[in-house]
Amino acid sequence: MLKIFSFILSLTLAISGCFAQSSDSLIVQSLREKGITFSHDNNVKLLTNGQEKFDAEFQAIRNARYSVHLEYFNFRNDSIGNELFRLLEQKAESGVKVRALYDAFGNKSNNRPLKESHLTEMRSHGVEIEIFDPIGFPWITNVFSRDHRKIVVIDDSIAFIGGMNVADYYIHGTPKIGPWRDLHCSITGTEVATLQKIFQRAWKKETGREAVNDSSAPSPKGNMMVGIINREPHKTNKIMRQFYISCFDNAKDTIRLVNPYLSLTHSVKKAIKRALKRGLHIEIMMSQKSDIPMEPDASFYHLHWMMKKGAQVYIFQDGFHHTKTITVDGKLTTVGSCNLDARSLAWDYECNAVIVNKDITRQIDQRFINDKAKSFLLTKESWDNWRTRWQKTYGWMAQLLSTWL
């Protein structure tokens, strides 16, 4: 009788396991309920450094026949920026519709900003380049809700999305910080049209003009499942927070997270706490160096909190890790512009691709594993050796202000 009971119990558990939803399906379902669409005919290629990103993007622009649409937080007036501008001018002169949009605050915060003379020069060659939300008096009203997206769409055929702006330090690094580590990707398939609509909406909002093409090229199809998360103030305010919360709440095994800014909002912090409490294996990586004062100190405070709660925290030391990725159970990942701070999660325009594909996720997981060799593991001992008493106090104070960073 006992054997029969054991057999029935095992069979029941096996059957229930077959019907249990996987973490990726639960996350996709939660996003669909919030209006995010997914398609299954895409192809994604990871671009793992600045050279790969600009080589691929520039070649796609050279091949453009109808339109080139670019939406960036900033274009830096440097060698790679000037190479891009000359290429855009050539395409515009050949009859391709070239439209570019960049954020006014992003440009002002750039130490090599575009000037009016650059815009005049490009416009004289037929490039339509506009500034998103120009800054004017009183400037405080322009601080929030900036366009932090990094989107390029060419001929309705191929799109690029990720964490890189247009700057040569993604290739050469900077003297103060060293190498810049980041990630971008190219996408073909149905989701190119989704990214095109996002650009068109931003263009219409800022210029009042339609970004309509006379013709377009078909986008090559693939077999990858992709959805686009687009955060817009007053429309999809909570969508990025909800995505990350869903990842932590629905993961069943392992999460690996890389982000340059981790001054966590309250709801995301609670989700991480819930995940650690139920025994989820969470690995987090962040750079020791940063390009923004005060921000890393607030993030280090949160990293120490997560380490004490059970997360494995790695401090990257080989330059600046500007990457913004999360992987869930080796099945689902994201590539895009969203940081894990209040500015990205609660204020700015952001855009991420959610990729439900084991191979792409494996590549990003392997990248994380490789980068451990350039990092140190945060422990009680390494924390005390690394941070002075004053730095710890400063980090505590910085995190109190981090909602406004």
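Overview of the structure. Because the structure is a prediction, the values reported are computed rather than measured.

## As for the overall build of the chain
Helix and strand counts for the chain come out as 15 helices and 17 strands. Compactness check: the chain gives a C-alpha radius of gyration of 22 Å against a globular reference of 22 Å for 405 residues, within 12% of the reference. Oriented by its inertia axes, the alpha-carbon framework of the chain measures out at about 85 × 55 × 40 Å. A total of 405 residues make up the chain; the buried ones form 56% of that total.

## Some words on the pairing of strand E3 (residues 97-103)
Sheet faces and side chains relate simply in a regular strand, where the side chains alternate between the two faces. Burial analysis of E3 places six of its seven residues in the buried class, the great majority of the element. Bridge count between strand E2 (residues 67-72) and E3: six bridges; the pairing is parallel. Within E3, the residue paired with Ser-67 across the bridge is Lys-97. Viewed along the sheet, the connection from E2 through helix H4 (residues 79-93) into E3 turns out right-handed. With five bridges connecting them, E3 and strand E4 (residues 128-132) associate as parallel partners. From the neighbouring strand, Asp-103 faces E4, where its bridge partner is Phe-132.

## Details of the packing of aromatic side chains
The full count for this structure, using the stated rule, is 18 aromatic pairs. Measuring from ring centre to ring centre gives 5.0 Å for Tyr-169 and Tyr-170, while their planes differ by 45°; the resulting arrangement is tilted. We note that Tyr-169, like Tyr-170, is buried. Relative to Phe-320, the ring of Tyr-261 lies with its centre 6.4 Å away and its plane at 55°, an arrangement referred to as tilted. Taken as a pair, Tyr-261 in the loop between strand E10 (254-258) and helix H10 (266-277) and Phe-320 in strand E13 (residues 320-321) lie far apart in primary sequence, 59 residues in all. Linked through ring pairs, Tyr-169, Tyr-170, Trp-180, Tyr-261 and Phe-320 together constitute an aromatic cluster. The side chain of Lys-269 reaches across the aromatic face of Trp-305, ending 4.7 Å from its centre. When the ring centre of Trp-386 is taken as reference, the NZ or CZ atom of Arg-387 above it lies at 5.4 Å.

## Observations concerning the layout of surface pockets
There is about 990 Å³ of room inside the largest pocket. Around the largest pocket sit 34 residues that line it, and Ser-109, Trp-180, Tyr-261, Asp-291 and Ile-292 are the ones nearest its centre. Those elements that provide at least two residues to the lining of the largest pocket are helix H5 (104-108), helix H7 (169-172) and helix H12 (342-346). Partitioned by chemical class, the residues of the lining of the largest pocket number 12 nonpolar, 13 polar and nine charged. Estimated volume of the second largest pocket: approximately 290 Å³. Gly-35, Ile-36, Arg-201, Ile-228 and Asn-230 are, among the 13 residues lining the second largest pocket, the residues nearest its centre. Those elements that provide at least two residues to the lining of the second largest pocket are helix H8 (191-207) and strand E9 (224-231). If one sorts the elements of the lining of the second largest pocket by residue count, H8 sits on top with four residues. Counted by class, the lining of the second largest pocket contains three nonpolar, five polar and five charged residues.

## Things to note about empty space enclosed by the protein
Per the counting criterion, the structure on display carries one cavity of 30 Å³ or more. By volume, the largest cavity amounts to about 70 Å³. For the largest cavity, the full set of lining residues is Arg-256, Val-258, Met-285, His-321, Thr-323, Thr-325, Thr-327, Ile-364, Asp-365, Arg-367, Phe-368 and Asp-371. Secondary-structure elements contributing two or more residues to the lining of the largest cavity are E10, strand E14 (325-328) and helix H13 (358-371). Broken down by element, the lining of the largest cavity gets its largest block of residues, five residues, from H13.

## Quick word on a positive patch on the surface
Judged by side-chain charge, Lys-273, Lys-277, Lys-308 and Lys-309 come together as a positively charged surface patch. Mapped by element, the contributors of at least two residues to the positive patch are H10 and helix H11 (295-309). Here Lys-273 shows up in helix H10.

About the criteria used
Residues numbered from 1 in each chain as written. Predicted model: local features only at pLDDT ≥ 70, side-chain atom pairs only at ≥ 80, totals over all residues. Heavy atoms only, no water. Helix = DSSP H or I, 4+ residues; strand = E, 2+ residues; numbered from the N terminus. Rg over C-alpha atoms; globule rule 2.2 N^0.38 Å. Buried < 20%, exposed > 50% of the residue type's maximum accessible area, 1.4 Å probe, protein only. Pairing = 2+ DSSP bridges. Right-handed = clockwise from strand over helix to strand, strands pointing away. Phe/Tyr/Trp six-rings, centres within 6.5 Å; stacked < 30°, edge-to-face > 60°. Lys NZ or Arg CZ within 6 Å of the ring centre and 35° of its normal. 1 Å grid on protein atoms, 1.4 Å probe; cavity = no way out; pocket = protein on both sides within 12 Å on 5 of 7 lines; lining within 4 Å. Points joined across faces, edges and corners; volume = space filled by probe spheres on them. Nonpolar A, V, L, I, M, F, W, Y, C, P; charged D, E, K, R; others polar. Patch = residues over 30% accessible without salt bridge, like charges linked within 9 Å, V, L, I, M, F, W, Y side chains within 5 Å. Areas by Shrake-Rupley, 256 points an atom, 1.4 Å probe, with all protein chains shown as cover. Salt bridge = Lys/Arg side-chain N within 4 Å of Asp/Glu carboxyl O. Lys, Arg positive; Asp, Glu negative; His and termini not counted. Charge placed at Lys NZ, Arg CZ, Asp CG, Glu CD.

Any link to function would need more than the numbers given here.
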